[in-house]
Amino acid sequence: MAITRPALAVWKFASCDGCQLQVLSLEEQLLTLAEVVDVAYFLEASSATARGPYDVSLVEGSITTPEDEERIHEIRAASRTLIAIGACATAGGIQALRNFAAVDELAEAVYPHPEQLAVLEESTPVSAHVEVEYELQGCPVDRHQVLEALSALLQGRRPNIPSHSVCVECKRRGLVCVMVAHGEPCLGPVTNAGCGALCPSFHRGCYGCFGPAETTNTGSLVAWLRHEQGLGPAEVVRWLRTYNAGARRFAEESRRHEPSQR
Amino acid sequence: MSHRSADPIRDLSVEALARVEGEGAMRVRLRGEEVEDIALSIYEPPRFFEGMLVGRRMEEPPDITARICGICPVAYQMSACRAIEDACGVAIDPPLRELRRLMYCGEWIESHALHIYLLHAPDFLGYHSALELSRDHKELVQQALALRRAGTDLVTAIGGRATHPVNVRLGGFHRLPDRDALAALRPQLERARDQAAETVRLVAGFTMPDLAIDHAFVSLAEPGRYPIDAGRLVSSTGLDVPVQEFEEHLIEEQVARSTAFHARLAGHDGAILVGPLARYALARDELSPTARELADEVGLPPVVTNPYQSIVVRAIEVVEACVEALAILEAYEQPDRAHVPVPPRAGIGYGATEAPRGILLHRYEIDADGLITAARIVPPTAQNQRAVEDDLYDFVAAHAHLDDEGLRWQLEQAIRNYDPCISCATHFLDLTVERR
């Protein structure tokens, strides 16, 4: 059988490896997948590497250094389809908190010789540098969504990735609303589905790790948090600035509540 | 060997080391068969966690620092909780501590099984990856995945998900796990324990090169228990201090080639080693009879100095984690409350736990309103970096006769002995061998 299998590559930029781990965590399904695709580059899993071009590249991590800025262009040029996976690759990740501070001050706070480091001012998503076909949000990304995206590409259809909010998932599970019933601040109404309303099922408010959903109104929720739940501006800013701090909806809303000192 | 300046320089380069967590580089310079320089350089982009934590609320580090490492988020959550609870002068209820330890056992099983089978075993069996291995030994890889799954299922039952669990908080948990869900884990953990025992026998039979290291072993220690979630800081050089004194004894320095720090013990010139070899050397007596008998059965000495055998020690620790998890489940009584209150108090707190790769230290300064004013995190891979470099120096010296391809293959294997987690230390490996 001389049918060429599509070549899959998995790439890492600034990140925790957690999203790649979701690919490894596909377990049996990964073994099945490896029968129909050629895992050509997946450094965390294999020391065998094949040169591009690649049919599909999964990219984890955000762009934070001059070298990585070049590398993402090389990967784009070698990839037919590029899928950004996880909060780092789709929004800049937790390290995008630096976008709201002076990076040299952060470097000085952590390293005694910050001059030895070469970093960009901002941590940015892959889409800020190159064209991206699909984005899968989440910190970490949901492995079923990764599998769905890859299966869809193999079958030549569009991936079926939910774009509704966590709130919808929560209602579907029949969970008691933590905000209404217990007064817990919750980002579920404005956060993209994918986790299965995990935090509310553990009696805590959603902290937005899947990032903003497309058609929601962040400003309206934040007004509720401020006026009905009594959160101060600094608290609202902290809620919006975590793993998806750099996502446009969350970033813009957070700037509106930022104390004017900066 | 005499210095022969007429010898050509050999430059060897492996652009990126596979099957490790994170990004880094190994650079080797050889003149003839003499090693001139060796450096483990970590180029994982710095993410400035310690700087980002300043100004955040004290409730946030368990979730935020988990994002340092997708392989061992539970370790970060546990060390962060302990440090902040220490700053606030809060001790959690004993049953809550047991529940934390139970969850931690899950991460040990998951992380060690990943390293043993998916990252490390392919080296010994001559494959590039577990995917390749599965073509010839499908059953073995399926067993490995089932073992790992026992760990991820345990963490998920308590934490909600295996990567960046959502249920851990200061003082305990957001919600107590469902009793039935915990009880349902037992048959799976019993199978995992037996499978882990088979794993010990399998990996003990691998052919391993001879190598002996001589570093100061450092681990946590607690009478009556194998070190996992708590303990004093002890070493093979006689150190025995509370974690609160770690800064006086563990010195960290920045080196130009790396975004991670290098660590050593005060008053001790040599390198230190944390992780499975250190824990086993310092706490073998605290292993369960099941784990100890297995170590004896496969002829594992009381102190293991060959880093290749770390795969056997890791397997022993998987057995231990399964046995311990089953013991905790056996004695489990639903705690009275999901968490104890942790009111803010101005002060400094220290927390250390045993991540699968070794001691993970956190230190926080908190103000009276519960805002973080300073944070410091010392991950295991940073503590081990110097030991890894020293060992590789000796290793390359002994193998310099090999051609570039052979040397590169063997060096990569040698590095994987230490299970480096470079995301943690900031912090993957690209290997360069330069021959003069």
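Keep in mind the model is a prediction, meaning the values are calculated, not measured. (Residues numbered from 1 in each chain as written. Chains lettered and ligands numbered in written order. Predicted model: local features only at pLDDT ≥ 70, side-chain atom pairs only at ≥ 80, totals over all residues. Heavy atoms only, no water.)

So, the overall build of chain A
Alright, step 1. On a plain count of helices and strands, chain A comes out with twelve helices and five strands.
Alright, step 2. Compactness check: chain A gives a C-alpha radius of gyration of 20 Å against a globular reference of 18 Å for 262 residues, within 12% of the reference.
Alright, step 3. For the C-alpha atoms alone, the extent of chain A along its principal axes is close to 65 × 50 × 25 Å.
Alright, step 4. Taking all 262 residues of chain A together, 59% fall into the buried category. (Helix = DSSP H or I, 4+ residues; strand = E, 2+ residues; numbered from the N terminus. Rg over C-alpha atoms; globule rule 2.2 N^0.38 Å. Buried < 20%, exposed > 50% of the residue type's maximum accessible area, 1.4 Å probe, protein only.)

Describing the sheet that holds strand S13 (residues 358-366) of chain B
Residue and element names in this part refer to chain B.
Alright, step 1. Here we have three strands laid out as an open sheet, ordered S12-S13-S14, and antiparallel in their pairing. Since the sheet does not close on itself, it has two edges, and those belong to strand S12 (347-355) and strand S14 (372-378), each with one partner. On average, each strand axis in the sheet is inclined to that of its neighbour by 15°, with strand direction left out of account.
Alright, step 2. Pairing of S13 with S14, which is carried by six bridges, proceeds in the antiparallel orientation. Note on S14: the bridge partner recorded for Tyr364 is Ala375.
Alright, step 3. Sheet strands touched by helix H13 (residues 380-399): S12, S13 and S14. Its angle to S13, the strand with the most contacts, is close to 130°. (Pairing = 2+ DSSP bridges. Axes fitted to C-alpha atoms, helices over the stretch in contact; angles between N-to-C directions. Contact = heavy atoms within 4.5 Å.)

Some points on the packing of aromatic side chains
Alright, step 1. Evaluated as defined, the whole model comprises eight aromatic pairs over all chains.
Alright, step 2. Taking 5.6 Å as the distance between ring centres and 65° as the angle between the ring planes, the aromatic pair formed by Tyr207(A) and Tyr243(A) counts as edge-to-face. A residue pair is termed long-range when its members are at least 10 positions apart, and Tyr207(A) in the loop between helix H9 (198-201) and helix H10 (218-227) and Tyr243(A) in the loop between helix H11 (233-240) and helix H12 (248-256) qualify at 36 residues.
Alright, step 3. Note on Tyr207(A): relative accessible area 7%, which makes it buried.
Alright, step 4. Accessibility expressed as a relative area gives 2% for Tyr243(A), which makes it buried.
Alright, step 5. Each residue in the set Phe124(B), Phe206(B), Tyr308(B) and Phe395(B) is aromatic and connected to the rest through ring pairs, giving one cluster.
Alright, step 6. Over the face of the ring belonging to Phe13(A) we find Arg71(A), whose NZ or CZ atom lies 3.9 Å from the ring centre. (Phe/Tyr/Trp six-rings, centres within 6.5 Å; stacked < 30°, edge-to-face > 60°. Lys NZ or Arg CZ within 6 Å of the ring centre and 35° of its normal.)

So, the side chain of Glu317(B)
Residues and elements named next belong to chain B.
Alright, step 1. Here Glu317 lies in helix H12 (residues 310-331).
Alright, step 2. You can call Glu317 buried: its relative accessible area is 0%.
Alright, step 3. In this structure the side chain of Glu317 is engaged in a polar contact, spanning 2.7 Å, whose partner is the side chain of Arg279.
Alright, step 4. With near-sequence residues (within four places) excluded, Glu317 lies in contact with Trp108, His112, Tyr226, Pro276 and Arg279. (Polar contact = N/O pair within 3.5 Å; in protein donor to acceptor, adjacent residues only side chain to side chain.)

Details of the pairing of strand S7 (residues 232-235) of chain B
Alright, step 1. Summarising the sheet, strand S6 (residues 216-221) of chain B and S7(B) pair through four bridges and their orientation is antiparallel. Each residue of the ladder has a partner; that of Ser219(B), found in S7(B), is Val234(B).

Overview of the domain arrangement of chain A
Residues and elements named next belong to chain A.
Alright, step 1. Domain annotation for chain A reports domain 1 (7-155) and domain 2 (166-256).
Alright, step 2. Its C-alpha centre places domain 1 at a distance of 25 Å from the equivalent point of domain 2.
Alright, step 3. On the domain 2 side, the residues contacting the 14 residues of domain 1 number 17 residues.
Alright, step 4. Across the domain 1/domain 2 interface, buried area totals approximately 1,200 Å², and carbon plus sulfur atoms make up 58% of it.
Alright, step 5. If you sort the residues of domain 1 by the area they bury against domain 2, Phe100, Gln137 and Cys139 come out on top, with a joint share of 45%. (Domains from an automatic or database assignment. Buried area = accessible area lost by both parts, 1.4 Å probe.)

What to know about the packing of helix H10 (residues 276-283) of chain B against H12(B)
All names here are of chain B.
Alright, step 1. One can describe the packing of H10 onto H12 by two numbers: an axis separation of 9 Å at closest approach and a directional angle of 65°. Comparing their axes, H12 and H10 come out roughly perpendicular. Classified by chirality, the crossing of H12 by H10 is left-handed. Contact residues: Pro276, Leu277, Arg279 and Tyr280 in H10; Ser310, Val313, Arg314 and Glu317 in H12.
Alright, step 2. Of the residues belonging to the contact of H10 with H12, the class tally is four nonpolar, one polar and three charged. (Parallel < 35°, antiparallel > 145°, perpendicular 65-115°, else oblique. Left-handed = near helix turned anticlockwise from the far one by under 90°. Nonpolar A, V, L, I, M, F, W, Y, C, P; charged D, E, K, R; others polar.)

Let's talk about the nonpolar core
Alright, step 1. Counting residues in hydrophobic clusters, the biggest one holds 168 residues, and the most contacted among them are Leu58(A), Leu102(B) and Tyr364(B).
Alright, step 2. Per-element tally for this core: the top contributor is helix H4 (residues 94-125) of chain B, with 16 residues.
Alright, step 3. Each of domain 1 (7-155) and domain 2 (166-256) of chain A accounts for three or more of the residues forming this core.
Alright, step 4. Formed by 19 residues, the second largest nonpolar core is a distinct cluster that contains Ala7(A), Tyr41(A), Ile75(A) and Leu82(A). (Core = buried A, V, L, I, M, F, W, Y, C linked by side-chain atoms within 4.5 Å.)

Comments concerning a negative patch on the surface
Residues and elements named next belong to chain A.
Alright, step 1. Together, Asp104, Glu105, Glu108, Glu121 and Glu122 give the surface a local cluster of negative charge.
Alright, step 2. Relative to the helices and strands, Glu121 is located in the loop between helix H5 (103-110) and strand S5 (134-136).
Alright, step 3. A relative accessible area of 53% places Glu121 in the exposed class. (Patch = residues over 30% accessible without salt bridge, like charges linked within 9 Å, V, L, I, M, F, W, Y side chains within 5 Å. Areas by Shrake-Rupley, 256 points an atom, 1.4 Å probe, with all protein chains shown as cover. Salt bridge = Lys/Arg side-chain N within 4 Å of Asp/Glu carboxyl O. Lys, Arg positive; Asp, Glu negative; His and termini not counted. Charge placed at Lys NZ, Arg CZ, Asp CG, Glu CD.)

Side note on the pattern of salt bridges
Alright, step 1. Applying the stated criterion across every chain, the model contains 35 salt bridges over all chains.
Alright, step 2. A salt bridge links Arg241(A) to Glu258(A); the shortest N-O distance between them is 3.1 Å. You can see Arg241(A) sitting in the loop between H11 and H12 and its partner Glu258(A) sitting in the segment after H12, a full 17 residues away along the chain.
Alright, step 3. Exposure remark for Arg241(A): the relative accessible area of 7% places this residue in the buried category.
Alright, step 4. A salt bridge links Glu247(B) to Arg376(B); its shortest N-O distance comes to 2.9 Å. Of this pair, Glu247(B) sits in helix H9 (residues 246-249) while Arg376(B) is found in strand S14, placing the two residues 129 residues apart along the sequence.

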